[in-house]
Amino acid sequence: MAKLQFRLARAAALFSAIVLAACAEPAAPPPEPSEDTRRTLAGGEIVGYLGTAGAQVWRAIPYAAPPVGDLRWAAPRPHPGWQGVFEALQPPPRCPQRLNPLDQVDADRFGELVGEEDCLMLDVYAPSGAGPDDAPRPVMMWIHGGSNVWGYADQYDAGRLAQEQNVVVVVIQYRLGGLGFFAHPTLREAAETPNDGAANFALLDMIAALDWIGENAAAFGGDASRITIFGESAGGHNVAALLASPLAQAKFHRAIIQSGLVDSMPLDLAEGSQGADPLAGLAVGERLGGPDIDAAGLRAPSLAAVFDAFPTDANGRYEPPRVIADGVSLPLEGMQAAFAQPDGFNAVPVITGTNRDEMKLFNAIDPRYVRNFLGLFPQARDRDLFDAVSDYQSRVWRIRAVDELAATLTGAGHEDVWAYRFDWDEGGRAFFTDTGHLLGAGHAMEIPFVFNRFEFFGDFDRYIFNDRNEDNRLALAGAMGGYWAAFARDGDPGPDWTRWNAEGALMRLDSPLGGGWAMVSGVDDMARLTSDLQQDIRLTDAQRCQVVDAVVEFYPPYGAMLADRVSCPA
């Protein structure tokens, strides 16, 4: 989603400014290998360690050959394996990406290129005692978010999810940004295999990870016939893309989309044969070697030169084309059209959902809506306006990711669709900042509950998740982990979670203090949103128009629809 990665980074920078500096701690020594974790995989022998909650952990297992040299911008190839015993104890190196404030580094490092191209690795978490001779468990493959330009496996410790819910969790890495999504006719013409002609190399990485899981799941006590893909934000978007990918057919069996969307970019726009996007493939290729550059010329430059060919702004942000309707990994007509056809997608059970206040995380750093009290502590300038802007933008997100997607899938005859809304907004106070109001049930807030690990927002975690809300949030985390695991196990989250229907059926996920987890009905669409905005007593006419402008900025197609229905001065 355009601009969200930048806004998320700015939010992290703002909130880190109000956190007390902590003394630097020495790097922890690597964990000790555990003989109980010794396994034999297709690639060789491996040993891991015992981690969070007693779960068995194996880190940085390569699932494909390094995508370097002639394999840059090519479909992943099988990994050749290793000699001896591979000690899978350390986290994998990041895939190449640019640092931003989410990395909690000094501002002079924003935009710095980090990571290694040899990054197609994954981490595995299994319950204690799980192994090849144990009863097979469902496998859950996590796809991280970060606008498909940022993120890495070490952000996610799935030990508690694996141990408490008796599932095997695999956390993968995949190529990001211009290395993961790149359309250029020269690459298609030089393709050695049909899949080399794709533009979504990141999706091909995910499919290769699914192949690896299918081959190796049993060694960890996993059931290769029950693989669930799940991811958040860009990760959720990628889950949706795998649902639409003909290359992923029969490689997974359930899908959970957390705050993901279903947009895809037409190939001619991503390539640059239409439009004038300076980050389109042809424009980037010309910077790398001229208009007549061949495939070898595209792959020859250094990693730094490749990234420098994608223009960035002063904050190191760039928005290359992502999730491209390339005609190989995705249908040329795009994801939305694929979902409307009964045989146009991988018809597995699906859960899709959003957080009630998705956009609060981003609006919390917008000076139009938030001021810094005493120059340091963010507070809403006008509480009603801040809430209204966030509400209507977040509803647009829900309409796109839940109501329209669920209606499209069920309209194509697919009945196994469930939906949720995450409502937890009990975050604590950070001095003069009330995170419960300012962030609410914001973007990414559900992730710690799914993993039952409340270490996600860096130094700010201690303010959002405190002793006062511990009992209630742990109760919700237990319920959410249980639903996700039941879905992975049975393809159904449980009898108290009703399938999506024409009247709308959402599982509201909240703590016992907020009303708990229970079904709520109702659908949302732009007509209802417009009517509510026109009658919203919180707003003046001028503020109503500010909301329209905010929706236009967030998602222009729906913003234009709203602008046509709400009278505002030109």
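A quick note: this is a predicted structure, and the numbers were derived from the prediction, not measured. (Residues numbered from 1 in each chain as written. Predicted model: local features only at pLDDT ≥ 70, side-chain atom pairs only at ≥ 80, totals over all residues. Heavy atoms only, no water.)

Draft legend 1. The arrangement of helix 13 (residues 383–411) in detail. Taking 1.5 Å of rise per residue, the 29 residues of helix 13 would be expected to cover 42 Å, and the 39 Å separating its terminal C-alpha atoms lies within 8% of that figure. By the largest-angle criterion, isoleucine 399 marks the main kink of helix 13, which is about 40°. Among the 29 residues that make up helix 13, 21 are buried, leaving the element largely enclosed by the rest of the structure. At the N-terminal boundary of helix 13, the capping side chain belongs to aspartate 382, with an oxygen 3.0 Å from the backbone nitrogen of aspartate 384. Glycine 413, located one to two residues past helix 13, shows a positive phi value of around 95°. (Helix = DSSP H or I, 4+ residues; strand = E, 2+ residues; numbered from the N terminus. Expected span 1.5 Å × (residues − 1). Bend = angle between axes of the 7 residues up to and from the residue. Buried < 20%, exposed > 50% of the residue type's maximum accessible area, 1.4 Å probe, protein only. Polar contact = N/O pair within 3.5 Å; in protein donor to acceptor, adjacent residues only side chain to side chain.)

Draft legend 2. Here's a closer look at helix 19 (residues 541–554). With 14 residues, helix 19 should reach 20 Å at 1.5 Å per residue; the first-to-last C-alpha distance of 20 Å fits that figure. Listing the buried residues of helix 19 in full gives Gln543, Arg544, Cys545, Val547, Val548, Ala550, Val551 and Phe554. Contacts from the buried residues of helix 19 go to helix 13, helix 18 (526–534) and helix 20 (556–565). (Contact = heavy atoms within 4.5 Å.)

Draft legend 3. Spotlight on the sheet that holds strand 1 (residues 39–41). Pairing within the open sheet is mixed, and its 3 strands lie in the order 1-2-5. Of all the strands in the sheet, just strand 1 and strand 5 (85–87) have a single pairing partner and so form its edges. On average, each strand axis in the sheet is inclined to that of its neighbour by 35°, with strand direction left out of account. Here strand 1 runs beside strand 2 (residues 44–47); their pairing, made up of 3 bridges, is antiparallel. (Pairing = 2+ DSSP bridges. Axes fitted to C-alpha atoms, helices over the stretch in contact; angles between N-to-C directions.)

Draft legend 4. Local environment of the nonpolar core. In this structure, Ile61, Phe230, Phe252, Phe339, Phe422 and Trp484 are the most contacted members of the largest nonpolar core, which totals 148 residues. When residues in this core are grouped by element, the largest group, 13 residues, is from helix 13. Apart from the residues lying within four places of it in its own chain, the contact partners of phenylalanine 422 are Thr354, Asn355, Arg356, Ala441, Met445, Glu446, Phe449, Leu476, Met480 and Leu509. Listed in part, the 23 residues of the second largest apolar core include Val149, Ala198, Leu303 and Phe307. (Core = buried A, V, L, I, M, F, W, Y, C linked by side-chain atoms within 4.5 Å.)

Draft legend 5. A look at the state of the cysteines. In total, this model carries 2 disulfides according to the counting rule given. Linked covalently through their sulfurs, cysteine 95 and cysteine 119 form a disulfide whose S-S length is 2.1 Å. Across the S-S bond linking cysteine 95 and cysteine 119, the dihedral sits near 95°, which makes this disulfide right-handed. With cysteine 95 in the loop between strand 5 and strand 6 (97–98) and cysteine 119 in the loop between strand 7 (113–114) and strand 8 (121–126), the pair connects residues that are 24 residues apart, well separated along the chain. (Disulfide = S-S within 2.5 Å.)

Draft legend 6. Representation of the pattern of salt bridges within the structure. Applying the stated rule across the entire model yields 36 salt bridges. A salt bridge links aspartate 366 to arginine 368, with the nearest nitrogen and oxygen atoms 2.6 Å apart. Overall, arginine 368 belongs to the partly exposed group, its relative accessible area being 45%. Here the salt bridges do not stand alone but share partners, grouping Glu35, Arg38 and Glu45 into one network. (Salt bridge = Lys/Arg side-chain N within 4 Å of Asp/Glu carboxyl O.)

Draft legend 7. Looking closely at the sheet that holds strand 11 (residues 222–232). One open sheet holds the 11 strands; their spatial order is 3-4-8-10-9-11-12-15-18-21-22, and the pairing between them is mixed. If you trace the sheet from one side to the other, it starts and ends with strand 3 (49–50) and strand 22 (518–521), each paired once. Running at roughly 160° to strand 15 (residues 350–355), helix 13 makes contact with strand 12 (254–258), strand 15, strand 18 (417–422) and strand 21 (505–509) of the sheet. Lying on the sheet, helix 17 (residues 470–490) is in contact with strand 9 (137–143), strand 11, strand 12, strand 15, strand 18 and strand 21; it crosses strand 12 at an angle near 145°.

Draft legend 8. Region of interest: unusual backbone geometry. Here the phi dihedral of alanine 53 falls at roughly 60°; this positive angle occurs in a residue that is not glycine. By the secondary structure assignment, alanine 53 is in the loop between strand 3 and strand 4 (56–62). Positive phi is not limited to glycine here, since alanine 60 has a value of about 55°. In this fold, alanine 60 is placed in strand 4. A residue is classified by how much of its surface remains accessible, and alanine 60, at 10% relative accessible area, is buried.

Draft legend 9. Geometry of the confidence of the model for the chain. Here the chain averages 93 in pLDDT, and 95% of its residues register 70 or above. In this model residues 12–25 is a low-confidence stretch, pLDDT under 50, and it forms 27 contacts with partners more than four residues away in sequence or in other chains. (pLDDT = per-residue confidence, 0-100.)

Draft legend 10. View of the packing of helix 5 (residues 201–216) against helix 6 (residues 234–244). For the pair helix 5 and helix 6, the least separation of the axes is 11 Å and the interaxial angle reads 75°. Classified by the angle their axes make, helix 5 and helix 6 are roughly perpendicular. Here Leu203, Met206 and Ile207 of helix 5 come into contact with helix 6, specifically with Asn238, Ala241 and Leu242. Its residues assigned to classes, the contact of helix 5 with helix 6 comprises 5 nonpolar, 1 polar and no charged. (Parallel < 35°, antiparallel > 145°, perpendicular 65-115°, else oblique. Nonpolar A, V, L, I, M, F, W, Y, C, P; charged D, E, K, R; others polar.)

Draft legend 11. Examining the packing of aromatic side chains more closely. Within the structure shown, the criterion is met by 35 aromatic pairs. Here the aromatic rings of tryptophan 142 and phenylalanine 230 are separated by 4.8 Å at their centres, their planes lie at 65°, and the arrangement is edge-to-face. Here tryptophan 142, found in strand 9, pairs with phenylalanine 230, found in strand 11; they are 88 residues apart in sequence, far enough to count as distant. Accessibility expressed as a relative area gives 0% for tryptophan 142, which makes it buried. Given a relative accessible area of 0%, phenylalanine 230 falls into the buried group. Ring-pair connections join several aromatic residues into one group, and the members of that group are Trp142, Tyr156, Phe230, Phe422, Trp424, Phe449, Phe451, Phe454, Phe456, Phe457 and Phe465. Over the face of the ring belonging to tyrosine 555 we find arginine 400, whose NZ or CZ atom lies 3.3 Å from the ring centre. We note arginine 473 situated over the ring of phenylalanine 454; from NZ or CZ to the ring centre the distance is 4.5 Å. (Phe/Tyr/Trp six-rings, centres within 6.5 Å; stacked < 30°, edge-to-face > 60°. Lys NZ or Arg CZ within 6 Å of the ring centre and 35° of its normal.)

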